[in-house]
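Each chain, written out:
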Amino acid sequence: MMEQKARILLVDDEENCLRALKDVFELEEIDCITANSGLKALDLFNHNDFDIVITDVRMPGITGIDILRQVKRLRPETFVIILTGHGSIHDAVASIKLGAYQYILKPVIMDDLLPLIKEILTRIEQESSASPLLNLKEPLPSGKTILGQSVRLQNVAKLISKIANTDLPVIILGESGTGKELAATAIHHSSDRAVKPFVAINCAAFPDTLLESELFGYEKGAFTDARNSKAGRIEEADGGTLFLDEIGDMKPAMQAKMLRVLEEHEFQRLGSNKSRRVDIRLISATNRDLRQAIQEKAFRADLYYRLNAVSIAMPPLREIPEDIPLLASHFAREFAARFNRPPVQVEQEAMACLQSYTWPGNVRELANAIRRAVALSDGKTIRLFDLPPHINQESVVAEKTAPDNSKSNLLEDIEREHILKVLDLSGGNKSEAAQILGIHRDTLLRKLKKYGRE
Ligand SMILES: Nc1ncnc2c1ncn2[C@@H]1O[C@H](COP(=O)(O)OP(=O)(O)OP(=O)(O)O)[C@@H](O)[C@H]1O
Ligand SMILES: [Mg+2]
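Residues numbered from 1 in each chain as written. Chains lettered and ligands numbered in written order. Predicted model: local features only at pLDDT ≥ 70, side-chain atom pairs only at ≥ 80, totals over all residues.

## Considerations on the pairing of strand β1 (residues 8-11)
Point 1. Going residue by residue along β1, you find Ile-8 and Leu-10 tucked away on one face and Leu-9 and Val-11 tucked away on the opposite face as well.
Point 2. Strand direction decides the pairing type here: β1 and strand β2 (residues 32-35), joined by four bridges, are parallel. The residue bridging Leu-9 from the neighbouring strand is Ile-33, located in β2.
Point 3. The parallel pair β1 and β2, bridged by helix α1 (residues 15-27), forms a crossover whose chirality is right-handed.
Point 4. Across four bridges, the pairing between β1 and strand β3 (residues 52-56) is parallel. What sits directly across from Ile-8, in β3, is Ile-52. (Buried ≥ 20, exposed ≤ 12 C-beta atoms within 10 Å, placed from the backbone. Helix = DSSP H or I, 4+ residues; strand = E, 2+ residues; numbered from the N terminus. Pairing = 2+ DSSP bridges. Right-handed = clockwise from strand over helix to strand, strands pointing away.)

Spelled out as structure tokens, the structure:
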């Protein structure tokens, strides 16, 4: 029995086929909606949330390939299964390249299709527990969300929603890659200021004088290069949020000027006496210990207390290993979609390795490791040896001691499986199979001989 109700869209121009599949699905208590044309399918897809689309390839008008393209463009995380007859094997192979999850030969054998659907449902269930923490007013323009189930990230999320609509300054503390900027954008987009600009500036990226003109803007002639007047970031952020990243790197003279903006809601462009009013929400971030900086007289205590109305501490990833599976699955899915590949799952062993690593670069490092692993993976799962060597030290040892390691065997397995499948699909026609595979017929014959399939 299926626990979860699937949202499946079933597309075929043959009513008999639709009815037969729908009946079986109903027996299995899998919820599905049918469409007898491509046009109808796309219309349904645009107005509903489907997890899985199962579509015939050859249909008059809009084909299954057209549907696949559109689905992957609109919601790349959707699983697409292609149903194909012997006559359309080219399409089937092309569909995999376009991001279809799997293709199935018609007439459909339920023993092929049902396990596939169950596998997908399990994945969806695993990943839906990766629900975003925040209920943002507007989705982040980047499409990103803050994920995490640990008490510490839950508390961060609660705090963000609680303070989003106050205009209190916020300081976000945390090591590099812990999501400080993500948290800042989340605050902005959860607030009524979401419709106004979010302006970020990295204080460490500018030398002192440049930082000042970037922030405050200038009038024509304020300095040698000022041929025109220019609004600064503070002005750009009017009505919205100003994010001062790496504020710990700001020099005391600039700190004094920022303090004035915060206290008086006024500032002047360089080279101008005219005070301009601004309405900004200030969020700052740093990975420095500001208290220590205050003791060393590198940071002004009065500014610190202003900025510190609300302080949010982003936990280092090594302190929340319980969030790693959620984040890793999320990134695996995201990068697979971005590379136009079917969804990839992280194997148990690889996940355990991810959870025991210390992640000095925090979530950013995890995301990068998964991106690399998705690129190296077999397209279905991320295995231990797909992880970067410094994370997966054991596999380094294994590769050194065993040159003929399991990876090359695995690649061979995948190749064999694929070749035999294409051969089956082309009804045993070797010339056609070779053509689809893009290899010479002789090469195919040699490989088949090796597999004992002559
Ligand atoms: N809890 C999370 N859920 C999902 N993605 C996250 C989470 N935390 C961080 N990320 C992602 O990790 C990457 C790094 O995050 P971000 O740039 O916000 O870190 P940072 O603390 O500002 O780093 P730095 O100090 O180096 O500037 C981003 O791609 C971000 O979207
Ligand atoms: Mg940052």
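## Some points on the sheet that holds strand β14 (residues 310-313)
Adjacent strands of a sheet form backbone hydrogen bonds with each other and so pair up, either parallel or antiparallel.
Point 1. Strands sit in the order β7-β10-β13-β6-β14 across an open sheet of five strands; the sheet is parallel. Looking along the sheet, the strands with just one partner apiece sit at the ends: β7 (198-202) and β14. Looking at each pair of strands side by side, their axes are set apart by 20° on average, direction ignored.
Point 2. Here strand β6 (residues 170-173) runs beside strand β13 (residues 281-286); their pairing, made up of four bridges, is parallel. Of the residues in β13, the one forming a bridge with Leu-173 is Thr-286. (Axes fitted to C-alpha atoms, helices over the stretch in contact; angles between N-to-C directions.)

## Looking at the domain arrangement of the protein
Point 1. Under the domain assignment used here, the protein contains domain 1 (8-128), domain 2 (151-315), domain 3 (318-401) and domain 4 (409-450).
Point 2. Taken residue by residue, the interface counts 10 residues in domain 1 and eight residues in domain 3. (Domains from an automatic or database assignment. Contact = placed C-beta atoms within 7 Å.)

## Details of the site of ligand 1
Point 1. Near ligand 1 lie 18 residues; those nearest to it are Ser-176, Gly-179, Lys-180, Glu-181 and Val-363.
Point 2. Breaking the shell around ligand 1 down by element, the ones donating at least two residues are α7 (180-189) and α15 (362-376).
Point 3. For the shell around ligand 1, the residue count by class is seven nonpolar, seven polar and four charged. (Near = placed C-beta within 6 Å. Nonpolar A, V, L, I, M, F, W, Y, C, P; charged D, E, K, R; others polar.)

## As for the confidence of the model for the protein
Point 1. On average, residues of the protein score 86 in pLDDT, and 91% of them are at 70 or above.
Point 2. Every residue in residues 394-408 scores below 50 in pLDDT, and together they form seven contacts with partners more than four places removed in sequence or on other chains. (pLDDT = per-residue confidence, 0-100.)

## Some details on the sheet that holds strand β5 (residues 102-105)
Point 1. If you walk across this open sheet you meet the five strands as β2-β1-β3-β4-β5, and the pairing is parallel. Lying at the two open borders of the sheet, with one neighbouring strand each, are β2 and β5. Each neighbouring strand pair of the sheet contributes to a mean axis angle of 20°, computed without reference to strand direction.
Point 2. Strand direction decides the pairing type here: strand β4 (residues 79-84) and β5, joined by four bridges, are parallel. Across the sheet, Ile-81 pairs through a bridge with Gln-102, a residue of β5.
Point 3. Sheet contacts for helix α2 (residues 38-47): β1, β2 and β3; angle to β1, the most-contacted strand, approximately 170°.
Point 4. Contacts between helix α3 (residues 64-74) and the sheet are confined to β1, β3 and β4, with β3 contributing the most and set at about 160° to the helix.

## Examining the nonpolar core
Point 1. Formed by 66 residues in total, the largest nonpolar core has its most connected members in Ile-172, Ala-183, Ala-328, Ala-332, Leu-366 and Ile-370.
Point 2. The two domains that each donate at least three residues to this core are domain 2 (151-315) and domain 3 (318-401).
Point 3. Excluding residues that lie within four positions of it along the chain, Leu-366 makes contacts with Leu-317, Leu-327, Ala-328, Phe-331 and Trp-359.
Point 4. Residues Val-57, Val-71, Leu-83 and Ile-117 belong to the second largest nonpolar core, which totals 35 residues. (Core = buried A, V, L, I, M, F, W, Y, C linked by C-beta atoms within 7 Å.)

## Considerations on the environment of Asp-245
Point 1. Relative to the helices and strands, Asp-245 resides in strand β10 (residues 241-245).
Point 2. In the structure, Asp-245 is positioned 39 residues away from Ser-284 in sequence and 5.6 Å away in space, judged by C-alpha atoms.
Point 3. Here Asp-245 is in contact with Glu-181, Ala-200, Ile-201, Asn-202, Cys-203 and Ala-285, once residues within four sequence places are set aside.

## As for the environment of Val-71
Point 1. Along the chain, Val-71 falls in helix α3.
Point 2. Here Val-71 falls in the buried class, since 24 other C-beta atoms lie within 10 Å of it.
Point 3. Note: C-alpha distance between Val-71 and Ala-100 (29 residues apart in sequence) is 9.9 Å.
Point 4. Here Val-71 is in contact with Phe-45, Val-53, Thr-78 and Val-80, once residues within four sequence places are set aside.

## With respect to unusual backbone geometry
Point 1. Of note, the amide linkage connecting Lys-106 to Pro-107 takes the cis form, showing an omega dihedral of 0°.
Point 2. Mapped onto the elements, Pro-107 comes out in the loop between β5 and α5 (110-128).
Point 3. Positive phi is not limited to glycine here, since Glu-29 has a value of about 60°.
Point 4. With respect to the secondary-structure elements, Glu-29 resides in the loop between α1 and β2.
Point 5. The phi dihedral of Trp-359 falls on the positive side, at around 50°, and the residue is not glycine.
Point 6. In this fold, Trp-359 is placed in the loop between α14 (348-356) and α15.

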